Amino acid sequence: MKHTWCALAAASVLVSGAAIAALDAGNQYKLDQITQGGPASLRSAAQSIANTGADPVVLDALAEAALKNKNDGTGTGVDAVAWSCKALAAAGGKRYYNVIKSLADNDGTHRKARKHCERAAGDVGGPDDAQYVAGSTSLDKVAAKAGSSAKQTTAAAAGSGQFKPLSEIKVGMSMEEAYAIAGPPTATSGHITGKAFNPFNFKGGDSYRTYGLYKGQGRLVFANNSAYSSGQRVVEVIINADESGFP
């Protein structure tokens, strides 16, 4: 049986003058990170978008958030803007060229972020006729309107036990986003990997793995991003109808 979040939430929200259908759980999670979180959440959302894409509403919010945070000179803030440019180029393409180029050319943007944004602008190649206009999205309104719809969607899904199958999960998604889409696993397990003992693994990435076990569906395999953060992302999706759901 095919489950769709759109069927669970027929209501729509109005954002920037356009009727926007309720977002699915993965896009809603990214939107919440962008509109409600700090620089670390913005960076995490941008990394997910660069890996897996996003709904246009989420991309517009990311563009607006990047412009809003361009003067953040902290290490995390600089990374957030740099990843935002990369994500907008990868997932949004030419529609966000002007935003990316403005971040690259703005003296207020940290030089490290400017370098990455300039590279992203080069990857896009140039604008088309339908450019995103800075200021056309209100992050506060997006958060309020989409969040209201998301509560209805989440409540309906939880009440009916309807979550999306593991086949909907993509490599590169954060653990939180994957669980928002597939629901909580039957059980979890984890272990350190050989990379934890590799002296040349300077960032400490993939030194620990976590497994989300779903009875009758399979497993989600997560690896830590680095030794300096607790974030984990999907590195493998194992579909197995014989999965017991227990370690």
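The preceding data block contains the structure.
All values reported here derive from a predicted model rather than from experimental measurement. (Residues numbered from 1 in each chain as written. Predicted model: local features only at pLDDT ≥ 70, side-chain atom pairs only at ≥ 80, totals over all residues. Heavy atoms only, no water.)

K.L.:
Explain the environment of D24 residue by residue, including any values.
P.N.:
Relative to the assigned elements, D24 resides in the loop between β2 (18-21) and α2 (25-36). With 157 residues separating them along the chain, D24 and I181 place their C-alpha atoms 7.9 Å apart. A distance of 3.2 Å separates the side chain of D24 from the backbone nitrogen of G26, its partner in a polar contact. Within the local environment of D24, its side chain forms a polar contact with the backbone nitrogen of N27, the two atoms lying 2.9 Å apart. (Helix = DSSP H or I, 4+ residues; strand = E, 2+ residues; numbered from the N terminus. Polar contact = N/O pair within 3.5 Å; in protein donor to acceptor, adjacent residues only side chain to side chain.)

K.L.:
For the packing of aromatic side chains, give the residues involved together with the corresponding values.
P.N.:
Within this structure, the stated rule accounts for two aromatic pairs. Ring centres of Y96 and Y132 lie 5.9 Å apart, and the angle between their planes is 35°; this geometry places the pair in the tilted category. In this pair, Y96 is assigned in the loop between α5 (75-92) and α6 (97-105) and Y132 in the loop between α7 (111-124) and α8 (139-160), connecting sequence segments 36 residues apart. Of the two residues, Y96 and Y132, neither departs from the other in class, the shared state being buried. Geometrically, the ring pair formed by Y179 and F222 is edge-to-face, given 5.5 Å between the ring centres and 75° between the ring planes. Taken together, the positions of Y179 in helix α9 (residues 175-182) and F222 in strand β5 (residues 218-224) put the pair 43 residues apart, joining distant regions of the chain. The exposure class of F222 is buried, given its relative accessible area of 0%. (Phe/Tyr/Trp six-rings, centres within 6.5 Å; stacked < 30°, edge-to-face > 60°. Buried < 20%, exposed > 50% of the residue type's maximum accessible area, 1.4 Å probe, protein only.)

K.L.:
Provide a residue-level description of unusual backbone geometry, including the pertinent values.
P.N.:
The phi torsion at D206 lies on the positive side, around 55°, for a residue other than glycine. Mapped onto the elements, D206 comes out in the loop between β3 (187-192) and β4 (208-214).

K.L.:
I'd like a description of the pattern of salt bridges, backed by residues and values.
P.N.:
Enumeration according to the criterion identifies nine salt bridges in this entry. Two residues, D206 and K195, come together in a salt bridge whose shortest N-O distance is 3.3 Å. Taken as a pair, D206 in the loop between β3 and β4 and K195 in the loop between β3 and β4 lie far apart in primary sequence, eleven residues in all. We classify D206 as buried; its relative accessible area is 14%. What makes K195 partly exposed here is its relative accessible area of 41%. (Salt bridge = Lys/Arg side-chain N within 4 Å of Asp/Glu carboxyl O.)

K.L.:
So what's going on with the sheet that holds strand β6 (residues 232-239)? Which residues, and what values?
P.N.:
Backbone-to-backbone hydrogen bonds join strands into a sheet, with any given pair of strands oriented parallel or antiparallel. Within the open sheet, the four strands sit side by side as β3-β4-β5-β6. Their pairing is antiparallel. Each of the sheet's edge strands pairs with one partner strand only, and the pair in question is β3 and β6. For this sheet, the mean inter-axis angle between neighbouring strands, taken without regard to orientation, is 20°. Here β4 pairs with β5 via six bridges, running antiparallel. In the strand pairing of β5, L213 is matched with R219. (Pairing = 2+ DSSP bridges. Axes fitted to C-alpha atoms, helices over the stretch in contact; angles between N-to-C directions.)

K.L.:
Describe the packing of α5 against α6, with residues and values.
P.N.:
Packing of α5 against α6 leaves a shortest axis separation of 10 Å and a crossing angle of 150°. Considered as vectors, α5 and α6 are oriented roughly antiparallel to each other. In this structure, the crossing between α5 and α6 has a hand that is left-handed. The segment α5 lies against α6, with V81, C85, L88 and A89 engaging V99, I100 and L103. When its residues are assigned to classes, the contact of α5 with α6 shows seven nonpolar, no polar and no charged. (Parallel < 35°, antiparallel > 145°, perpendicular 65-115°, else oblique. Left-handed = near helix turned anticlockwise from the far one by under 90°. Contact = heavy atoms within 4.5 Å. Nonpolar A, V, L, I, M, F, W, Y, C, P; charged D, E, K, R; others polar.)

Functional significance is not addressed by these values, which are geometric in nature.
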